[in-house]
Number of protein chains: 2
Amino acid sequence: MIYSFEENPTTEQTDEIYMREALKLAKRAFDEDEVPIGAIIVSQGKIIGKGYNLTQRLNDVTAHAEMQAFTAAANYLGGKYLKDCTLYVTVEPCVMCAGAAYWTQISKIVFGVYDDKRGSSKFGQLFHPKTEIKNGVLEEECSELIKSFFRNKRDK
Amino acid sequence: MIYSFEENPTTEQTDEIYMREALKLAKRAFDEDEVPIGAIIVSQGKIIGKGYNLTQRLNDVTAHAEMQAFTAAANYLGGKYLKDCTLYVTVEPCVMCAGAAYWTQISKIVFGVYDDKRGSSKFGQLFHPKTEIKNGVLEEECSELIKSFFRNKRDK
């Protein structure tokens, strides 16, 4: 999908638009009883990779949203480096996903809400030094989705 | 494959036997012009997951030996946790693989040689606190395989 804008949008506007796409995927995870995290990768205004958390369904700890999006984007590009791409992910990447992001040399990572437990920033600077990091985009919505998921789990 | 021993082997002996299996996979990576790293996962004397680095062939930075071995072992067990398992890997896991190992809650990780650049120990303690770590098993062979790979690359 390529977004067309009548006027030049601000970075804040495009970040929110893309984060909303990631949120849609996170909601799909929620509906499938997976920890609701979604991710997309954008290159030149086009979504070239998507993923949402599937660790339960696939019985696979490596099936995080970001990991699937990295694999899909690299597959789309025909190369494993994502140098001119941006990852939008609803929750801060964990150590594993930050480590994978490092290898992709991705240009930019935008996330919604910090993960206070396994978010990679708790463990130092694990991203590639050239990767730009931005947080807090649609933070409340990203946060509320996760909280609601675990609230439902506790109430069951 | 299940190994049967005439007498009770020492941990050192079994570690070497399993690391030799990981080395066989690393050599397969070498022959396929991939960075030569191999990994196996052992549970109760049985190899339940294998992998070798396929990042070039698959165009995928997430296709490290350990990641494939984790996925295979979880698939074999029908559950994503590898609590009574040991990972044998020829080279120290990177940040991504250490992060994945954390999620598996694997019991033990045995590796051959430290990775001075992206080995996870350079970035602090990223493994699960309950995971036992051992290094230096068949260190010279594991190291020589990697060095030989990059020597060949430089000479080309």
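The name given to chain A in an unreviewed UniProt entry is tRNA-specific adenosine deaminase, and the organism recorded there is Sphingobacterium hungaricum. What the UniProt record of chain A gives under Sequence similarities (unreviewed entry) is the line "Belongs to the cytidine and deoxycytidylate deaminase family." Its UniProt record gives chain A a comment under Subunit (unreviewed entry), which states: "Homodimer."

Caption draft 1: Geometry of the overall build of chain A. Counting its secondary structure elements, chain A contains 4 helices and 5 strands. Starting at the N terminus, the α and β elements of chain A follow one another as α-β-β-α-β-α-β-β-α. Overall, the C-alpha framework of chain A stretches about 45 × 35 × 30 Å when taken along its three principal axes. In chain A, the proportion of contacts linking residues at least 24 apart, taken out of those at least 6 apart, comes to 57%. Total accessible area on chain A is roughly 7700 Å²; 47% of this is exposed by carbon and sulfur atoms. Looking at chain A, you have 20 positive and 22 negative side-chain charges, and the mean spots of the two groups are 5 Å apart.

Caption draft 2: Spatial organisation of the interface of chain B and chain A. Between chain B and chain A, the residue contacts involve 25 residues of the former and 25 residues of the latter. Between chain B and chain A, the buried area comes to about 2300 Å², and carbon and sulfur atoms account for 66% of it. By the criterion of area lost to chain A, the three top residues of chain B are K80, W103 and R118 of chain B, representing 29% of everything that side buries. Taken together, chain B and chain A are joined by 4 residue pairs in polar contact (both at pLDDT 80 or more). For the side of chain B that touches chain A, the secondary-structure elements that each account for two or more residues are α2 (65-77) and α3 (95-104) of chain B. Among the elements that line the side of chain B that touches chain A, the one with the most residues is α3 of chain B, at 7 residues.

Caption draft 3: Spatial organisation of the relation of the copies chain B and chain A. Mapping chain B onto chain A calls for a rotation angle of 180° and an axial translation of 0.0 Å; the resulting RMSD is 0.0 Å. Within this description, the copies of the chain are treated as partners about a two-fold rotation axis. Among all residues of chain B, the one whose C-alpha sits closest to the rotation axis is M96 of chain B, at a distance of 2.0 Å. Counting the interface residues of chain B, we find that 100% of their copies in chain A are interface residues as well, pointing to one common contact surface.

Caption draft 4: How the structure looks around the nonpolar core. Judged by nonpolar contacts, the single largest core of 94 residues is most densely connected at I41 of chain A together with I41 of chain B. Setting aside residues up to four positions removed in sequence, I41 of chain A forms contacts with K46, I47, I48, G49, A69, F70, A73, L82, C85, T86 and L87 of chain A.

Caption draft 5: Region of interest: the side chain of K80 of chain B. Assignment of secondary structure puts K80 of chain B in the loop between α2 and β3 (85-91). E34 of chain A provides the closest opposite charge to the buried, unpaired K80 of chain B, separated from it by 6.4 Å.

Caption draft 6: Expanded view of the sheet that holds β3 of chain B. Residue and element names in this part refer to chain B. One open sheet accounts for 5 strands, arranged β2-β1-β3-β4-β5; its pairing is mixed. Two strands lie at the open edges of the sheet, namely β2 (46-52) and β5 (132-135), each paired on one side alone. The average angle at which neighbouring strand axes cross in this sheet is 15°, direction not considered. Pairing of strand β4 (residues 108-113) with β5 involves 4 bridges; the strand directions are parallel. In the strand pairing of β5, V110 is matched with K134.

Caption draft 7: Highlighting the packing of aromatic side chains. Residue and element names in this part refer to chain A. Under the criterion given, the structure shown has 10 aromatic pairs over all chains. Clustering of aromatic rings is evident, with ring pairs tying together F30, F149 and F150. Geometry around Y81 places K83 over its ring, the cationic atom sitting 5.6 Å from the centre.

Caption draft 8: Seen up close, the sheet that holds strand β1 (residues 38-43) of chain A. Residues and elements named next belong to chain A. The mixed open sheet is built from 5 strands, whose spatial order is β2-β1-β3-β4-β5. A single partner strand is all that each edge strand has here, and the edge strands are β2 (46-52) and β5 (132-135). Direction aside, neighbouring strands of the sheet carry axes that sit 15° apart on average. When β1 meets β2, the two strands line up antiparallel, connected through 6 bridges. Residue pairing across strands places I40 opposite K50, the latter belonging to β2. Running over the sheet, helix α2 (residues 65-77) touches β1, β2 and β3 (85-91) and is turned about 145° from β2.

Caption draft 9: The state of the cysteines, seen in detail. Following the criterion strictly, the structure yields 0 disulfides over all chains and no others. C97 of chain A supplies the cysteine sulfur nearest to C94 of chain A, a cysteine that is in no disulfide, at a spacing of 3.9 Å. C97 of chain B provides the cysteine sulfur closest to C85 of chain B, a residue in no disulfide bond, and the two sulfurs are 16 Å apart.

Caption draft 10: The arrangement of helix α3 (residues 95-104) of chain A in detail. A large share of α3 of chain A lies buried, amounting to 9 of its 10 residues. Turning to α3 of chain A, its buried residues number three or more, namely V95, M96, C97, A98, G99, A100, A101, Y102 and T104 of chain A. Tucked into the core, α3 of chain A has its buried residues touching α2 and β4 (108-113) of chain A together with α2 and α3 of chain B. Two residues or fewer past α3 of chain A, Q105 of chain A is found with a positive phi of approximately 55°.

So, how was this worked out
- Residues numbered from 1 in each chain as written.
- Chains lettered and ligands numbered in written order.
- Predicted model: local features only at pLDDT ≥ 70, side-chain atom pairs only at ≥ 80, totals over all residues.
- Heavy atoms only, no water.
- UniProt positions renumbered as here; feature names shortened; annotations may be inferred.
- Helix = DSSP H or I, 4+ residues; strand = E, 2+ residues; numbered from the N terminus.
- Contact = heavy atoms within 4.5 Å.
- Areas by Shrake-Rupley, 256 points an atom, 1.4 Å probe, with all protein chains shown as cover.
- Lys, Arg positive; Asp, Glu negative; His and termini not counted.
- Charge placed at Lys NZ, Arg CZ, Asp CG, Glu CD.
- Buried area = accessible area lost by both parts, 1.4 Å probe.
- Polar contact = N/O pair within 3.5 Å; in protein donor to acceptor, adjacent residues only side chain to side chain.
- Least-squares fit on C-alpha atoms with pLDDT ≥ 70 in both.
- Core = buried A, V, L, I, M, F, W, Y, C linked by side-chain atoms within 4.5 Å.
- Buried < 20%, exposed > 50% of the residue type's maximum accessible area, 1.4 Å probe, protein only.
- Salt bridge = Lys/Arg side-chain N within 4 Å of Asp/Glu carboxyl O.
- Pairing = 2+ DSSP bridges.
- Axes fitted to C-alpha atoms, helices over the stretch in contact; angles between N-to-C directions.
- Phe/Tyr/Trp six-rings, centres within 6.5 Å; stacked < 30°, edge-to-face > 60°.
- Lys NZ or Arg CZ within 6 Å of the ring centre and 35° of its normal.
- Disulfide = S-S within 2.5 Å.

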